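# Coordinates in review
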Amino acid sequence: MANTFKSNLDRFRSSWYIWLFPLFAVGISVWLFMGYFDQRGPQIKIHFDDASSIKADKTTIRYRGVNIGTVDKIVISDDNKEAIAHVTLLRDATEFAVEGSRFWVVTPKVNIQGVSGLETIFEGPYIAVDPGPRNAKRKLDFSGRATSGIEESLEDTSTYYLEAPFVESINTGDPVSFRGLNVGSVTHVNLSKTSQAVVVQINIENRYTKLIRSNTVFWRKVGVDAKLGLFKSEVKISSLESLLRGGIDFFTPDPAGPMAKARSRFALNPAPPKDWEKWNPKLEFPSRVD
């Protein structure tokens, strides 16, 4: 009988050791699970026109280089017009889920001002955020911008639309210039309602809107213009910014037409018109420097 008791005791000890590791694993899992929910903050949605550079479970949300959340999943909106990133913020980042917060995708960018976003070459793109004002109302649904950099303020600008069959070299953020002076920027590029053309939205600073006339001509800025002939060849190289970024130029022929109203539409030409350098209309402009 003593031997039987000892055998049962040994069997119990052996069985107890077998169950020790699974119990330990369950305990660790519960601890990690509780820690995850303890650090979990608000869940928000960010709408993008294009989310090709955003990856679920990989793309992070950052503020001043600090991770404050992660993209959980990406879905298409019910009307198939947008991609929606479902994001979980950290518990300490609740102040970002308020009205006025702005989100944009950071990718490598090279322009005349320098190089930015190089860290994304190795780490991949991330979503940056500019927080809304303190004590703002709570908000869980936002519109994001799928380009690098903080969205430029559209205050004190007027909107115009340019149409073209193709826009291979035009991107959001590209400059719009007059006589080499940047007076606005490209703020949106999208297909027309019938998908038969591309519509480029530009915003011109209000102090320069007197330059936009009913007969103003817009064209894609060309970095290198080469004219090759049998006996004579000519190559013109524009500014470094044109080579790196492209953009849009515009000018008005003589005589200048009346001022164009905001939201007017123009054709976007692939190249400048012939002999445009000879145009020299008188455009009254109040803020001049003598």
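Quick caveat: nothing in here was measured; it's all calculated off a predicted structure.

Reading the values: the criteria
Here the residue numbering is sequential within each chain, running from 1 through the sequence in written order. At least 70 in pLDDT is required for a residue's local features to be given in this predicted model, at least 80 for side-chain atom pairs to be given and counted, and no such filter applies to totals for whole chains, interfaces and linings, which use all residues. Side-chain metrics in this entry use all non-hydrogen atoms of the structure; hydrogen atoms and water are not considered. Going along the chain from the N terminus, every DSSP run of H or I of four or more residues is numbered as a helix, and every run of E of two or more is numbered as a strand. Burial classes follow relative accessibility: with a 1.4 Å probe on protein chains only, a residue under 20% of its type's maximum area counts as buried, one over 50% as exposed, and anything between as partly exposed. Strand pairing is assigned whenever DSSP detects at least two bridges linking the two strands. Helix axes are fitted to C-alpha atoms over the stretch in contact, other axes to C-alpha atoms as well, and angles between N-to-C directions run from 0 to 180 degrees. Confidence scores labelled pLDDT are given residue by residue by the predictor and lie between 0 and 100. In this description, contact between two residues means that some pair of their heavy atoms is separated by no more than 4.5 Å. When two rings of Phe, Tyr or Trp (its six-membered ring) have centres within 6.5 Å they constitute a pair, described as stacked for plane angles under 30 degrees, edge-to-face for angles over 60, and tilted for the intermediate range. For a Lys NZ or an Arg CZ to count as sitting over a ring, it must be within 6 Å of the ring centre and within 35 degrees of the ring normal. What we call a nonpolar core is a set of buried Ala, Val, Leu, Ile, Met, Phe, Trp, Tyr and Cys residues that are connected through their side-chain atoms within 4.5 Å. A carboxyl oxygen of Asp or Glu within 4 Å of a side-chain nitrogen of Lys or Arg is what we treat as a salt bridge. Any pair of nitrogen or oxygen atoms within 3.5 Å is treated as a polar contact; in protein, a donor-acceptor pairing is required on top of that, and neighbouring residues in sequence qualify only through side-chain atoms on both sides.

## Brief notes about unusual backbone geometry
- Of the consecutive residues Asp254 and Pro255, the connecting peptide bond is found in the cis state with omega at -10 degrees.
- For Pro255, the position within the fold is in the loop between strand S17 (248-251) and strand S18 (265-269).
- The phi dihedral of Arg263 falls on the positive side, at around 75 degrees, and the residue is not glycine.
- Topologically, Arg263 is positioned in the loop between S17 and S18.
- Accessibility expressed as a relative area gives 53% for Arg263, which makes it exposed.

## Describing the sheet that holds strand S13 (residues 198-205)
- With respect to topology, seven strands assemble into a closed barrel ordered S10-S13-S12-S11-S17-S14-S18, the strand pairing being mixed. Between one strand and the next, the sheet's axes are offset by a mean angle of 35 degrees, whatever the strand orientation.
- As paired elements, strand S11 (residues 175-178) and strand S12 (residues 181-191) share four bridges and run antiparallel to each other. Residue Pro175 lies in a different strand from S12, and its bridge partner there is Ser185.

## Some thoughts on the confidence of the model for the chain
- Taken over all residues, the pLDDT of the chain has a mean of 78, while the share at 70 or more is 67%.
- Predicted confidence in the chain is weakest over helix H3 (residues 240-245), with a mean pLDDT of 47, and strongest over S18, with 96.
- Of the regions scoring below 50 in pLDDT, residues 237-244 engages in 17 contacts with residues more than four places distant in sequence or in other chains.
- Per-residue pLDDT stays below 50 along residues 286-290; that stretch engages in one contact with residues further than four places along the chain or on separate chains.

## Let's talk about the environment of Phe251
- Here Phe251 is to be found in strand S17.
- The exposure class assigned to Phe251 is buried, which follows from its relative accessible area of 3%.
- Taking C-alpha positions, Phe251 is 8.0 Å from Trp279, a pair spaced 28 residues apart along the chain.
- If near-sequence neighbours (up to four positions away) are discounted, Phe251 is found in contact with Phe178, Arg179, Thr216, Val217, Trp219, Trp276, Trp279, Asn280 and Pro281.

## Concerning the pairing of strand S2 (residues 60-63)
- The sheet contact formed by S2 and strand S3 (residues 66-76) spans four bridges and is antiparallel. Of the residues in S3, the one forming a bridge with Thr60 is Thr70.

## Things to note about the packing of aromatic side chains
- The final tally for this structure, using the stated rule, is eight aromatic pairs.
- Measuring from centroid to centroid gives 5.0 Å for Trp219 and Trp276, while their planes differ by 55 degrees, and the two rings are tilted. With Trp219 in strand S14 (residues 217-220) and Trp276 in the segment after S18, this pair connects stretches of sequence that are 57 residues apart.
- Residue Trp219 is classed as buried on the basis of its relative accessible area, which comes to 3%.
- Here a set of aromatic residues connected by ring pairs shows up, and it is made of Phe178, Phe218, Trp219, Phe250, Phe251, Phe266 and Trp276.
- Over the ring of Tyr126 we find Arg62, and its NZ or CZ is 4.3 Å from the ring centre.
- Positioned over the ring face of Tyr161 is Arg265, at 4.9 Å from the centre of the ring.

## Here we look at the nonpolar core
- Ranked by size, the top nonpolar core spans 27 residues in total, and within it Val200, Ile202, Phe218, Ile248 and Leu268 carry the most contacts.
- Within the residue set of this core, elements represented by two or more residues are strand S10 (157-164), S11, S12, S13, S14, S17 and S18.
- Once you skip the residues sitting within four places of it in the chain, Leu268 turns out to touch Leu162, Glu163, Ala164, Val167, Ile170, Val200, Phe218, Trp219, Arg220 and Ile248.
- Among the nonpolar cores identified, the runner-up in size contains 20 residues, and Ile44, Leu89, Val129 and Phe142 belong to it.

## Re the pattern of salt bridges
- Throughout the structure, instances matching the rule amount to three salt bridges.
- Here Arg265 and Glu163 are joined by a salt bridge, their closest N and O atoms 2.8 Å apart. Taken together, the positions of Arg265 in strand S18 and Glu163 in strand S10 put the pair 102 residues apart, joining distant regions of the chain.

## Things to note about the environment of Tyr126
- Take Tyr126: it is sitting in strand S8 (residues 126-130).
- Expressed as a C-alpha distance, the spacing of Tyr126 and Lys58, which sit 68 residues apart in the sequence, is 8.7 Å.

## Remarks on the environment of Arg138
- Tracing the backbone shows Arg138 in the loop between S8 and strand S9 (141-145).
- Using a relative accessible area of 55% as the deciding quantity, one classes Arg138 as exposed.
- If we skip the residues at most four places from it in the chain, Arg138 touches Pro42, Ala97 and Val98.

## Some thoughts on the side chain of Thr159
- Note on placement: Thr159 falls in strand S10.
- A distance of 3.0 Å separates the side chain of Thr159 from the side chain of Asn203, its partner in a polar contact.
- Those residues in contact with Thr159 that lie beyond four places of it in its chain are Gln201, Ile202, Asn203, Ala262, Arg263 and Ser264.

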